[in-house]
Amino acid sequence: MVEPTYTITPDAPRGFLHLTLAGDWNAEITTRFAADVNATLRQMLAMGVRHGELRTLVDMRHKNILPQDAVAEITRMVRPNSPSKCIALLIASPLHRMQAKRLVDGRYAIFNDEPAALAWLWADNAGGQ
């Protein structure tokens, strides 16, 4: 088992949030992650990031497949009224792609390559615009 970890890197001046997930996740780490992301989002909104204008990169290339309870928690976290305008999901395998597709709506895109994900996030049409 690989220790579950995450990093949350906010950049309020640019309206950008970079999340990195790694290891074997369970419901406990997912709940902790969700609470930390929500606290970060509150801080970013207080610093002037406008709701619905945030660009988010979620790097899951070093994360193993999520158990169903963790998927359910993350699905609740990326709700339709999320502050994110667009969310790029970085994945490493076909199994990750299948899991990530459960989250996808017009604000999401799935990538294997970070430069492509960042280019999409900053493109004028990202997030279904």
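For the structure given in this document, a descriptive report is provided here. (Residues numbered from 1 in each chain as written. Predicted model: local features only at pLDDT ≥ 70, side-chain atom pairs only at ≥ 80, totals over all residues. Heavy atoms only, no water.)

### As for the pairing of strand β5 (residues 108–111)
(1) Moving on: On β5, burial covers both faces: Tyr 108 and Ile 110 on one face and Ala 109 and Phe 111 on the other are all buried.
(2) Moving on: One ladder, built from 4 bridges, connects strand β4 (residues 84–90) with β5; its direction is parallel. Paired with Ile 87 across the two strands is Tyr 108, which belongs to β5. (Buried < 20%, exposed > 50% of the residue type's maximum accessible area, 1.4 Å probe, protein only. Helix = DSSP H or I, 4+ residues; strand = E, 2+ residues; numbered from the N terminus. Pairing = 2+ DSSP bridges.)

### Describing helix α4 (residues 114–122)
(1) Moving on: Among all positions of α4, only Ala 117, Trp 120 and Leu 121 are buried. Down the axis of α4, the buried side of the element spans an arc of 100°, and every buried residue falls inside it.
(2) Moving on: Buried residues along α4 sit against β2 (16–23), β3 (54–63), β4 and β5.
(3) Moving on: Taking the backbone nitrogen of Ala 116 as reference, a side-chain oxygen 2.7 Å away marks Asp 113 as the first, capping residue of α4. (Arc of directions from axis to C-beta. Contact = heavy atoms within 4.5 Å. Polar contact = N/O pair within 3.5 Å; in protein donor to acceptor, adjacent residues only side chain to side chain.)

### Some remarks on the nonpolar core
(1) Moving on: If you look at the biggest cluster of nonpolar residues, it comprises 20 residues, and the most contacted ones within it are Leu 19, Leu 21, Phe 33, Val 58 and Leu 89.
(2) Moving on: Mapped by element, the contributors of at least two residues to this core are β2, α1 (27–46), β3, β4 and β5.
(3) Moving on: Here this core gets 5 residues from one element, more than from any other, and that element is α1.
(4) Moving on: Residues contacting Leu 21, with those up to four places away along its chain left out, are Thr 5, Tyr 6, Phe 33, Val 58, Asp 59, Met 60, His 62 and Lys 63.
(5) Moving on: Among the nonpolar cores identified, the runner-up in size contains 10 residues, and Leu 57, Leu 90, Ala 109 and Trp 120 belong to it. (Core = buried A, V, L, I, M, F, W, Y, C linked by side-chain atoms within 4.5 Å.)

### As for the sheet that holds β2
(1) Moving on: One open sheet holds the 5 strands; their spatial order is β1-β2-β3-β4-β5, and the pairing between them is mixed. Edge positions in the open sheet fall to β1 (5–11) and β5, since each of these has one partner strand only. Each neighbouring strand pair of the sheet contributes to a mean axis angle of 15°, computed without reference to strand direction.
(2) Moving on: Relative to β2, β1 runs antiparallel, the two sharing 7 bridges. In the strand pairing of β2, Thr 5 is matched with Ala 22.
(3) Moving on: On top of the sheet, α1 reaches β1, β2 and β3; it is set at about 10° to β1, its chief contact. (Axes fitted to C-alpha atoms, helices over the stretch in contact; angles between N-to-C directions.)

Read these as spatial facts, not as claims about activity.
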